[in-house]
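Examining the three-dimensional arrangement
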Amino acid sequence: MQIGFETIREILEHRLHQDDIERLLDGLDESGKAQLFYRITELLRRTTALADIANRVSDSLSLDVLFPRLMEVVTEALNADRSSLFLFDPETNELFSRVMQGDVIGEIRFPCHLGVAGSVFTSGQAEIITDVYADPRFNQEVDRRTGYRTRNILCVPIRNKNREVIGITQALNKHVGDFDAEDQRLLEGLSLQASAALENARLFEKVERQQREEAMLLEVSISIVSEIHLNPLLAKIMAAATTLLEADRGTLFLYDATRDELFSRVAGGIGGEEIRFPANAGIAGECFSSGGVINICDAYSDSRFNPEFDRHTGYRTHSLLCMPILARGERRIGVMQILNRKGGMFGSADERRLRAFSAQAAVAIENAQLFEEVSAERNYNEAILHSMNNAVLTLDADGVLRKVNETAVRMLRRSAEDLVGHTLHEHFTGRNSWVAKSLEKVRASGKTDLTVDTDLFVDGAEVISINLSTVPLTSTRNELIGYMLMMEDITREKRLRNTMSRYMSKSVVDQLMESGESVLGGTGRDVSVLFSDIRGFTSISERLGAKETVALLNEYFTDMVDIVFAHNGVLDKYIGDMIMAVFGSVLQSADDASNAVMVGNKMMTGLHQLNRRRAGRGGEEIRIGVGISTGNVVAGNIGSLKRMEYTVIGDRVNLAERLESANKFYGTSILMCEQTYAAIKDHAAAREIDLIRVRGRDTPVAIYEALGHHSEDSFPHAAELLGAFTEGLALYRQRDWPGAEHYFKQAQAANPADGPSRIYLERCQVYRSTPPPAAWDGVWTVHTK
């Protein structure tokens, strides 16, 4: 006779009369009575288990506590080896469980459709599996990894009061036999008993988490809003984002509009290295370009993911959540990318949290970028002030000094601390009061005031010359915000101008100052050098006496130097009665050689006018010679530390002096070298004179005479003379002495005063009787200086 659990339950609940119970017992043998005793004991155990589970979950609102308590009760109630409990996470569409991992609670997650647990959750139907290795849904890899051997499983869905499946409970390896229907009903009863507590705990955990997130968001918001420096701010944002989403690491990319690139200053795992790539490249680029959220569960299965970065860093990316950072007006300013959520995949709640957080971060980033731009602009302006050669003083609208640059400190011989915080009337008094008056003019008129070349007294005695500009400063709304004084120190320029004006014309000085070219340092230049000298000056000075000699030189130098200056020449020096002028030493021109020859010619015509004036006063006539050479020289400020002068040195200077002296030998007035002739031959009258070797120079020099100063009176029958002289010079160099002599006689007949014709006639007469050696090259050596 078999007695079921329902009959036993009626006995225990006193629903059967004593007589009925006695008749049941009388009908049982010893085996039946033992079975009855076992079933009564089992029912009491199950009833105790239900009461125990109710008792254990009644005081717990934490899933971390509930999970181990419930699994302990299930294991004991079903006489199983172990048990597990999984709840459904609708945000990630996963089943999860909390288990002890060492000393801490860990979480296990997997997709809600996998394995036996996933099958029961999906179907909502309990299952008893007596041989799990024969069931294809069972993952044997778990046993192999843990060393455990699973034989049988009882798995039932957990339903809430609305009969919705919210998870599963499963028991493994019943100690005696296999799980049966009674075990299933017991586990279903236990699960139903626990469902309310589980839902309450999940709700409590959800509320607690929301409160924690809100508190964290508030704390993070306060933290990032208080940070105005961009790099520390970005580091704080990423630290907060990874903590908020319980992720492993993250990267924040900002958009560089000038280069259309995304770049990162803060990226987990790469230190301070900056990353840059096109704004439409990769997952971050797509997120930025589209403005949409990208949530990837498996990065390596997504074609947009670039695994090269993982290989480079040794990191392994699993899940990835990418969110655009939107500023005011939905303007995209960057992308936040979070990697590897510690609890599994990123869900919709994570997207919601990151979206809320990125909105807060966008405001802070914009503020920090604005601060960085303002700081860069300020540093740029500070650098401009620092590098300016002019002194700059800025004042507020009340006329109080607020900023001075280093040049102002040096110029005014005052420290910045002494200057700032005071008015101009306190600093610029007495002879310097004109500075404060300039400010008053600007305050009254609202217009810029310029004061040019005015003395400023510093340190009580030292005087500097400055140009002052006083300017009103206005805002973008045209409101007065202050004033700026700019002082240009022109002391050196003024001194240089005064010094240079003694050596060159005002126009050359102006060009030099405007060009800003440095002429004082040594440099190689192509110039034309002119020497002029008064013939027989020693005898003249002896006849005139000291006073008349000085008067003569002053009058002569005045006329000659005016001519030099009129043609952009530089007066290099006076050497007694000699004038040395240079063309091209300060400012070079293609007309330097032409100007030198023109000056030489005009010196001769100017000398005729001077002699006429002297003749009218009863004075004797003076004569001069001019030598001109063109070529490379060294130009610069030369001398000792105590006295220096700007001059030129070199072979061409010596040659010009030798040519001036050679005029005495040839009976000419102006001689030039072949380089000078090459520059003027197309537009100035000249004739070749000779091929000579001067002292101190081995290389022969072809010399030419400038004829532009001559008139018919000073050089009669010029055409006949020049034609005959040219023919004679050609035959002379061919060693045809009779033929050359013939033409030189014609030239002398045309102008008996022509010195070169006379000299060549004498040479031909000598060479006809005593010819030069066969190696003769036609060069005449000048032995005198």
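Quick notes on the rules
- Residues numbered from 1 in each chain as written.
- Predicted model: local features only at pLDDT ≥ 70, side-chain atom pairs only at ≥ 80, totals over all residues.
- Heavy atoms only, no water.
- Axes fitted to C-alpha atoms, helices over the stretch in contact; angles between N-to-C directions.
- Helix = DSSP H or I, 4+ residues; strand = E, 2+ residues; numbered from the N terminus.
- Left-handed = near helix turned anticlockwise from the far one by under 90°.
- Contact = heavy atoms within 4.5 Å.
- Nonpolar A, V, L, I, M, F, W, Y, C, P; charged D, E, K, R; others polar.
- Pairing = 2+ DSSP bridges.
- 1 Å grid on protein atoms, 1.4 Å probe; cavity = no way out; pocket = protein on both sides within 12 Å on 5 of 7 lines; lining within 4 Å.
- Points joined across faces, edges and corners; volume = space filled by probe spheres on them.
- Phe/Tyr/Trp six-rings, centres within 6.5 Å; stacked < 30°, edge-to-face > 60°.
- Buried < 20%, exposed > 50% of the residue type's maximum accessible area, 1.4 Å probe, protein only.
- Lys NZ or Arg CZ within 6 Å of the ring centre and 35° of its normal.
- Patch = residues over 30% accessible without salt bridge, like charges linked within 9 Å, V, L, I, M, F, W, Y side chains within 5 Å.
- Areas by Shrake-Rupley, 256 points an atom, 1.4 Å probe, with all protein chains shown as cover.
- Salt bridge = Lys/Arg side-chain N within 4 Å of Asp/Glu carboxyl O.
- Expected span 1.5 Å × (residues − 1).
- Core = buried A, V, L, I, M, F, W, Y, C linked by side-chain atoms within 4.5 Å.

**Regarding the packing of helix α19 (residues 546–566) against helix α20 (residues 592–616)**
Axis separation between α19 and α20 bottoms out at 10 Å; the angle between their running directions is 145 degrees. Seen along the crossing, α19 lies across α20 with a hand that is right-handed. Where α19 abuts α20, its residues L552, E555, Y556, D559, M560, I563 and V564 lie against V599, K602, M603, G606, L607, L610, R613 and R614. Broken down by class, the residue content of the contact of α19 with α20 amounts to nine nonpolar, one polar and five charged.

**Overview of the environment of G576**
Along the chain, G576 turns up in the loop between β19 (570–575) and β20 (578–583). Taking the C-alpha atoms as reference points, G576 and F537, separated by 39 residues in sequence, lie 9.5 Å from one another.

**Focus on the sheet that holds strand β16 (residues 462–474)**
For sheets, the rule is that strands pair by backbone hydrogen bonds, running either parallel or antiparallel. Across the sheet, which stays open at both edges, the five strands sit in the order β14-β13-β17-β16-β15 with antiparallel pairing between neighbours. A single partner strand is all that each edge strand has here, and the edge strands are β14 (401–404) and β15 (449–458). Averaged over all pairs of adjacent strands, the angle between strand axes in this sheet comes to 25 degrees, irrespective of strand direction. Sheet topology places β15 next to β16; eight bridges connect them, and they run antiparallel. In the strand pairing of β16, D455 is matched with S465.

**Considering empty space enclosed by the protein**
Following the criterion strictly, the structure yields two cavities of 30 Å³ or more and no others. Looking at the largest cavity, its volume works out to about 50 Å³. Together, eleven residues line the largest cavity, and L85, T169, L190, S191 and A194 are the ones closest to its centre. Sort the elements by how many residues they give to the lining of the largest cavity and helix α7 (residues 181–225) lands first, with five residues. Partitioning the lining of the largest cavity into residue classes produces nine nonpolar, two polar and no charged.

**A look at the packing of aromatic side chains**
Aromatic ring pairs are reported here in terms of the distance separating the ring centres and the angle at which the planes meet. Summed over all chains, the structure comprises 21 aromatic pairs. Consider the rings of Y677 and Y704, whose centres lie 3.9 Å apart with planes at 5 degrees: the pair is stacked. Of this pair, Y677 sits in helix α22 (residues 674–680) while Y704 sits in strand β25 (residues 701–706), placing them 27 residues apart in sequence. With a relative accessible area of 22%, Y677 lands in the partly exposed category. A relative accessible area of 11% means that Y704 is categorised as buried. Site record: aromatic cluster; members linked through ring pairs are F725, Y732, W737, F744, Y760, Y767 and W776. When the ring centre of Y300 is taken as origin, the NZ or CZ atom of R316, which lies over that ring, is 3.8 Å away. In this arrangement the basic side chain of R431 is found over the ring face of F457, its NZ or CZ atom lying 3.8 Å from the centre.

**A few points about a nonpolar patch on the surface**
Nonpolar side chains collect at one region of the surface, where V634, I638 and I649 lie side by side and expose about 220 Å² of accessible area between them. Given the relative accessible area of 34%, I638 is considered partly exposed.

**What about helix α21 (residues 651–666)?**
For α21, spanning 16 residues, the distance from its first C-alpha to its last is 22 Å, which sits close to the expected 22 Å at 1.5 Å a residue. Inspection of α21 places R652, V653, L655, A656, R658, L659, E660, S661, A662, N663 and Y666 among the buried residues, and these make up the whole buried set. Backbone geometry just after α21 places G667 at a positive phi near 75 degrees.

**A word on the layout of surface pockets**
The space that makes up the second largest pocket amounts to roughly 820 Å³. Among the secondary structure elements, those contributing two or more residues to the lining of the second largest pocket are β1 (80–89), β2 (94–101), β3 (104–111), α5 (115–123), α6 (140–146) and β6 (165–174). Looking at the lining of the second largest pocket, its residues break down into 13 nonpolar, eight polar and five charged.

**Things to note about the pattern of salt bridges**
Pairing of side chains with opposite charge becomes possible as their charged atoms draw close. Inspection of the entire model under this criterion finds 33 salt bridges. Measuring nitrogen to oxygen at the nearest pair gives 3.0 Å for the salt bridge that ties R763 to D690. In this pair, R763 is assigned in helix α25 (residues 755–769) and D690 in strand β24 (residues 686–693), connecting sequence segments 73 residues apart. Residues R763 and D690 agree in their burial class; the two are buried.

**Things to note about unusual backbone geometry**
The backbone phi angle of D453 is positive, close to 45 degrees, even though this residue is not glycine. Assignment of secondary structure puts D453 in strand β15. Of note, H717 is a non-glycine position whose phi angle comes to about 55 degrees, a positive value. The class of H717 is partly exposed, set by a relative accessible area of 41%.

**Points about the environment of Y646**
Mapped onto the elements of the fold, Y646 is located in strand β22 (residues 644–649). With relative accessibility at 11%, the residue Y646 sits in the buried group. A sequence separation of ten residues divides Y646 from G636, and the C-alpha atoms of the two residues are 5.4 Å apart.

**Concerning helix α9 (residues 282–290)**
Among all positions in α9, only I283, A284, G285, C287 and F288 are buried. One or two residues past the end of α9 sits G291, with phi positive at roughly 80 degrees.

**Examining the nonpolar core**
Membership of the largest hydrophobic core comes to 34 residues, with the highest contact counts inside it found for I534, Y556, M603, I622, I624, V626 and I628. With nine residues, the single largest contributor to this core is α19. Contact partners of I624, with chain neighbours within four places excluded, come to D533, I534, R535, Y556, M603, M604, L607 and S669. Among the nonpolar cores identified, the runner-up in size contains 28 residues, and M238, I333, L354 and A364 belong to it.

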